[in-house]
Amino acid sequence: KSSVHRICSGQVIVDLSTTIKELVENSLDAQATSIAEVRLKNHGLELIEVIDNGIGIPEQNYEFLALKHHTSKLSCFEDLTVIESFGFRGEALSSLSALSKLTVITSTEEQAPSGRKLEYDANGRLAKTIPTARERGTTVSVQRLFESLPVRQKEFKRNVKREFAKALTLLQAYGIISEGVKITCTNQTGRSERTTILATSGNKSIRENFVNIFGAKQLPQVMAIDFQLNIESERSMMVDATESDDNSRIETVIQVVGYISKPIHGCGRNTTDRQYYYINGRPCTLPKAFFNEVYKTYNSNQLPFVIADVRLDKSRYDVNVSPDKRTIYIHDEKKVVDAMKNQLIQVFEPFRS
Ligand code: ADP
Ligand code: MG
């Protein structure tokens, strides 16, 4: 085994959540409408498996799938600036091959109902190809994550409950936002029955997903938000200002869609850690200032329950600044924060005493 490979692998796969995140995003990139199961054994310690009904993997890619920097999602370097898909670095499967026993079962439209089972070695090389039955789609199995890094594995064992809870929050985040994608997560511990931990119906609305995940009883506690922010910036602020007649100013249109708890009725203690943020439908972390200001509109120390999908042009924010691609920097952030605050003050107006 190459130790260099293993050290580099620390980048995208650091725990259970990042593993699940990478696999789920691969399924979404493959246009799956059903992630039939995120199947865990012993909370992921023994097995993490993601089963989708996406487009599958064409035969010519079998060999390269788990090699470092192999990706089918970029055709040229310029693509880096117009990324549509979640993944594009070709690091997840290569890291997982070094950190676990990686197996892929896949079938394309043309191959179904027969497919291939692919086994990869620790260097990401295709070790075995076995014909097998499979409907269109892909199953990625990660057995004994971190087995090659005993200290990390020990840590995973010690924190497994917390890791599991974190992974569940992440899956909820995908479950809420993924319109028309059915997501299920199950766990099996020891010899006991497999239990379903999360299941969304795959119906085409965030509202439906909300009910599936949090229960219909929670609906009256929140209100739908859907508003638009128009931000005018100095052109010089923009790195890649596009051509326009007006040379000095540029307008950014930001749409914010989701749910927020009512400032008076909805701020129960159990909602404080429920904040789900997205940029263009991708779960993310936004800079703290962005929301701290917004919370102040509540005149409360408690944080609201929030589901907010912030939709804006790709040229107006930076994504891949952190290894896990989750922290987002929005250009001209202060103006966005102010505009957001003003909007929410209006939304909450009926609740002011
Ligand atoms: P990236 O997503 O950055 O391209 P990954 O290591 O996550 O890199 O995946 C490598 C390649 O494997 C992808 O580019 C894609 O071609 C293929 N792949 C992985 N998972 C799936 C899946 N569930 N369905 C179809 N293709 C997949
Ligand atoms: Mg990927």
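You'll find the structure just up there.
Residues numbered from 1 in each chain as written. Chains lettered and ligands numbered in written order. Predicted model: local features only at pLDDT ≥ 70, side-chain atom pairs only at ≥ 80, totals over all residues.

1. Quick look at the sheet that holds strand 11 (residues 275-279)
A sheet is described by the order of its strands in space; here 5 strands give the open sequence 9-10-13-11-12, paired in mixed fashion. A single partner strand is all that each edge strand has here, and the edge strands are strand 9 (222-234) and strand 12 (282-283). Pairing of strand 11 with strand 13 (residues 306-311) involves 5 bridges; the strand directions are parallel. Note that in strand 13 the partner of tyrosine 277 across the bridge is alanine 308. Sheet contacts for helix 8 (residues 333-348): strand 9 and strand 10 (249-261); angle to strand 9, the most-contacted strand, approximately 145 degrees. (Pairing = 2+ DSSP bridges. Helix = DSSP H or I, 4+ residues; strand = E, 2+ residues; numbered from the N terminus. Contact = placed C-beta atoms within 7 Å. Axes fitted to C-alpha atoms, helices over the stretch in contact; angles between N-to-C directions.)

2. Considering the sheet that holds strand 7 (residues 182-188)
Read from one edge of the open sheet, 8 strands run 5-4-3-6-2-1-7-8, paired in mixed fashion. Looking at strand neighbours, the two that pair on one side only are strand 5 (126-133) and strand 8 (195-199), the edges of this open sheet. Averaged over all pairs of adjacent strands, the angle between their axes in this sheet comes to 15 degrees, without regard to strand direction. As judged from the 6 bridges shared by strand 2 (residues 47-52) and strand 6 (residues 137-143), these two strands associate in the antiparallel manner. Bridging from a neighbouring strand, aspartate 52 pairs with threonine 138 of strand 6. Sheet strands touched by helix 5 (residues 160-177): strand 1 (34-41), strand 7 and strand 8. Its angle to strand 8, the strand with the most contacts, is close to 45 degrees.

3. Observations regarding helix 3 (residues 92-99)
With 8 of its 8 residues buried, helix 3 lies for the most part within the structure. Within the span of helix 3, buried status applies to Ala92, Leu93, Ser94, Ser95, Leu96, Ser97, Ala98 and Leu99. (Buried ≥ 20, exposed ≤ 12 C-beta atoms within 10 Å, placed from the backbone.)

4. Let's talk about helix 8
Residues that lie three or four places apart on an α-helix share one face, since the helix turns once every 3.6 residues. Here helix 8 is 16 residues long and its end C-alpha atoms lie 22 Å apart, about the 22 Å a rise of 1.5 Å per residue gives. Considered for burial, the residues of helix 8 that qualify are Val336, Val337, Met340 and Leu344. Viewed end-on, helix 8 has its buried residues packed into an arc of 95 degrees, placing them on one side of the element. In helix 8, the exposed positions that point more than 90 degrees away from the buried face belong to Lys334, Asn342 and Gln346. (Expected span 1.5 Å × (residues − 1). Arc of directions from axis to C-beta.)

5. Regarding the packing of helix 5 against helix 6 (residues 206-214)
The N-to-C vectors of helix 5 and helix 6 enclose an angle of 145 degrees; their axes lie 7 Å apart at closest approach. Of the residues in helix 6, those touching helix 5 at Gln172, Gly175, Ile176 and Ile177 are Ile206, Asn209, Phe210 and Ile213. Residues belonging to the contact of helix 5 with helix 6 are distributed by class as follows: 5 nonpolar, 3 polar and no charged. (Nonpolar A, V, L, I, M, F, W, Y, C, P; charged D, E, K, R; others polar.)

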